[in-house]
Amino acid sequence: MPPIFEITHKDIAGRIGRLETPHGIVETPTVMPVVNPNIQTIKPSELREFGAEILITNSYIIYRKPELRERALREGLHSLLGFDGPVMTDSGSFQLSVYGEVEVNNTQIIQFQKDIGSDICVPLDIPTPPDVSRNRAESELSVTMERLEEAAGLKGSSLLAAPIQGSTYPDLREDAARKLSGMDFDVYPIGAVVPLMESYRYSDLVDVIVASKKGLSPAAPVHLFGAGHPMMFSLAVALGCDLFDSASYALYAKDGRYMTSRGTHHIEDLQYLPCSCPVCTSYDSNEIIKSENREELLARHNLYVTFAEMREIKQAIREGSLWELVEQRCRSHPKLMDGLRRALRFTEWLLQFDPLTKSTFFYSGPESALRTEVVGYGKKLRNFTFKGKVLIREKHLENEGNYDHVLGFKAPFGPYPVELSETYPFHAEVVKEPDYESLTIALQNVLELMKLNPNAEFTFVCDVEHPLISKIAGFQQ
């Protein structure tokens, strides 16, 4: 049997993949629009035109409404929705988190999802919110793990999801993910993170994602439950998330909100529409505001911009420029920048996934100095062995023939063989006057190279001012 999830391209921990389901192959990363069987702002049959390959709906809502339940059992889920592609079904965990109870047990809702032909079934896990006591997080996680083990024994032809819980305790998330990775599941949703996103706690979200990923097999498809705003997709994809879902496109539209890849605006506040989707090229903001179909028009725009962002992310993965896109997007909001800086604490972990070579390295700020390419190069310095006279210089010098070895100098990398000047990553586009963080790392690498080669005589020629220059001068004497 072919692999269920095949990775075709990678950048950082992000990847383009092919997820096989009973109703076809889905290319990831992608977004699953949430479809409410009772309220359909846009018909599911129309969602393909925006780029949707897979949908998600709530099996508990269908189960509770007799006419929907009977029709789904009689005709099947796909006929009920009018969508012939893959459909994932949630179990009622969201209602459980909101109302405290549901009128169904784990076995019943799993069997119902199988009976109506769901492509990806989700057990009835306990979505533990952030910041609860550790005792509560452990207790509810224990219940979730028992239910997931029960679900694994009920698996049929549908794919089975294993939600990873553990609140805001990274060790609980990692341990749960590691245990679930050894069981018979196909997709791994990271659950109960909507409160973090709603409060813009992106640094905590990064901790949760990385902890979950550390416990999982690198080949496992990961679903970030409830994530649907395009401004944060690139960061989550860079950390290894493959599937996203959200009703935001419709909920925001109902509230008159207009999505962009840099944030959200109330349509009343927009004089000009910064988008070229079919909605924005057919209507101006005033026409949308006054339209009887305002909600539908905004929902359509929100879907267009959502899938446009996913296509941009995929292209960035293909060309090896995902870091550049992540840095651009995270600069759109201070809390996203917090998330990026938290992610950069895990650069050592990200190194194991990042390709060895790419097409580009654009320096766009201090955060670029902590990218995988820079940290990875720092580790490679120990492979450089020199004897005799070594020149490290920023620009070409006339007397270079007097030295046994000539190294270039470029922040944030520091010293590198001049023969590699036109190769990745030393052909990087960097600023003419490096910032303090970039220069610090580059000079630290100079010092490290000198320490690793005590028998060599180093000459460092560079027109920069920095406290580390005095230490380098001490090595030269």
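Look a little higher up for the structure.
Definitions and limits used
- Residues numbered from 1 in each chain as written.
- Predicted model: local features only at pLDDT ≥ 70, side-chain atom pairs only at ≥ 80, totals over all residues.
- Heavy atoms only, no water.
- Helix = DSSP H or I, 4+ residues; strand = E, 2+ residues; numbered from the N terminus.
- Buried < 20%, exposed > 50% of the residue type's maximum accessible area, 1.4 Å probe, protein only.
- Contact = heavy atoms within 4.5 Å.
- Areas by Shrake-Rupley, 256 points an atom, 1.4 Å probe, with all protein chains shown as cover.
- Lys, Arg positive; Asp, Glu negative; His and termini not counted.
- Charge placed at Lys NZ, Arg CZ, Asp CG, Glu CD.
- Pairing = 2+ DSSP bridges.
- Axes fitted to C-alpha atoms, helices over the stretch in contact; angles between N-to-C directions.
- Polar contact = N/O pair within 3.5 Å; in protein donor to acceptor, adjacent residues only side chain to side chain.

K.L.:
It is not clear to me how the overall build of the protein should be interpreted in this structure. Could you clarify?
P.N.:
Secondary structure assignment for the protein yields 20 helices and 17 strands. Sorting the 477 residues of the protein into buried and exposed places 55% on the buried side. Partitioning the intrachain contacts of the protein with sequence separation of at least 6 by distance along the chain shows that 67% fall at a separation of at least 24. For the protein, the accessible surface area stands at approximately 21,100 Å², while carbon and sulfur atoms represent 48% of it. The average position of the 49 basic charges and that of the 65 acidic charges among the side chains of the protein differ by 2 Å.

K.L.:
Would you mind showing me how to read the sheet that holds strand β10 (residues 222-224) here?
P.N.:
In a beta sheet, neighbouring strands are held together by backbone hydrogen bonds and run either parallel or antiparallel to one another. Strand order in the open sheet formed by eight strands is β8-β7-β6-β5-β4-β11-β10-β9, with parallel pairing between adjacent strands. Either end of the sheet is taken by a strand with one partner, and the two such strands are β8 (159-160) and β9 (188-190). Bridge count between β10 and strand β11 (residues 243-246): two bridges; the pairing is parallel. Counted as the bridge partner of Leu224 is Phe244 from β11. Sitting on the sheet, helix α14 (residues 294-319) is in contact with β4 (30-35) and β11, with an inclination near 155 degrees to β4.

K.L.:
Looking at this structure, how should I read the pairing of strand β14 (residues 388-393)?
P.N.:
Looking along a regular strand, one sees the side chains alternate between the two faces of the sheet. Taken together, the six bridges between β14 and strand β17 (residues 456-461) define a ladder with parallel strand orientation. Its bridge partner lying in β17, Arg393 is registered against Val461. By the bridge criterion, four bridges tie β14 to strand β15 (residues 405-410) in an arrangement that is parallel. In the strand pairing of β15, Leu391 is matched with Val406.

K.L.:
Quick question: what am I supposed to make of the side chain of Glu324 here?
P.N.:
The residue Glu324 is located in helix α15 (residues 322-330) in this model. With a relative accessible area of 9%, Glu324 lands in the buried category. At 3.1 Å, the side chain of Glu324 and the side chain of Arg371 are in polar contact. Look past the residues within four positions of Glu324 in its chain and what remains in contact with it is Thr360, Phe361, Phe362 and Arg371.

K.L.:
Hey, could you run me through the sheet that holds strand β3 (residues 24-28) in this one?
P.N.:
Spatially, the three strands line up as an open sheet ordered β1-β2-β3, and their pairing is antiparallel. Two strands lie at the open edges of the sheet, namely β1 (5-11) and β3, each paired on one side alone. Neighbour-to-neighbour, the strand axes of the sheet open up by a mean angle of 15 degrees, direction not taken into account. Examined bridge by bridge, β1 and strand β2 (residues 14-21) share six bridges and lie antiparallel to one another.

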